Amino acid sequence: MSAAIAAELQLMDPTVRASRPLAARLLDPEFVEVGASGRRWTYEEMLAALPGLDGGDGNGPRFAPSGMTGVVLAPGIVHLTYESAIGGRRARRSSLWRKRSGEAGADWRMYYHQATPVPGP
């Protein structure tokens, strides 16, 4: 589980977000995201857009995660939940990470991610 948490945190790093090869190592080829806007993203769409999304600019606002916890759902499947803040906006986040056996250099990859906006006070 700690490897999945470390990988989740890497995806918030502007250096990773700005680099297609680095981000591609962390996203599963079957990746899907439902963003805080409600938009559905595929693997290719996310890799193309990631440098321009929040947190992709090293000089801009950065993600501040809090309360990250994880549960092993099955061997090679981890579910992470946490809250993030960036640029004054908060979201509750949920990610599924999986590790495929048999892949050369297999690492944990994000299979699914969902962000739900937290309403203001």
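Below: a short report on this structure.

What counts, and where the lines are drawn
Residues numbered from 1 in each chain as written. Predicted model: local features only at pLDDT ≥ 70, side-chain atom pairs only at ≥ 80, totals over all residues. Heavy atoms only, no water. Phe/Tyr/Trp six-rings, centres within 6.5 Å; stacked < 30°, edge-to-face > 60°. Lys NZ or Arg CZ within 6 Å of the ring centre and 35° of its normal. Helix = DSSP H or I, 4+ residues; strand = E, 2+ residues; numbered from the N terminus. Buried < 20%, exposed > 50% of the residue type's maximum accessible area, 1.4 Å probe, protein only. Lys, Arg positive; Asp, Glu negative; His and termini not counted. Salt bridge = Lys/Arg side-chain N within 4 Å of Asp/Glu carboxyl O. Contact = heavy atoms within 4.5 Å.

1. What to know about the packing of aromatic side chains
Okay, so step 1: One pass over the structure, following the stated rule, counts zero aromatic pairs.
Okay, so step 2: Lying over the aromatic face of Trp41, Arg39 brings its terminal NZ or CZ to 3.7 Å of the ring centre.

2. Notes on the side chain of Glu8
Okay, so step 1: Among the structural elements, Glu8 can be located in helix 1 (residues 2-10).
Okay, so step 2: Despite its burial, Glu8 pairs with no opposite charge, the nearest such side chain being Arg93 at 6.6 Å.
Okay, so step 3: Setting aside chain neighbours within four positions, we find Glu8 in contact with Met68, Leu80, Tyr82, Ser95, Trp97, Met110 and His113.

3. Concerning the pattern of salt bridges
Okay, so step 1: Throughout the structure, instances matching the rule amount to six salt bridges.
Okay, so step 2: One salt bridge connects Glu30 with Arg98, and the closest N-O pair in it is separated by 3.0 Å. A residue pair is termed long-range when its members are at least 10 positions apart, and Glu30 in strand 1 (residues 27-34) and Arg98 in strand 5 (residues 89-98) qualify at 68 residues.
Okay, so step 3: Residue Arg98 is classed as buried on the basis of its relative accessible area, which comes to 17%.
Okay, so step 4: Residue Glu83 pairs with Arg92 through a salt bridge whose shortest N-O separation is 3.7 Å.
Okay, so step 5: By sharing partners, the salt bridges in this structure join Asp28, Glu30 and Arg98 into a single network.

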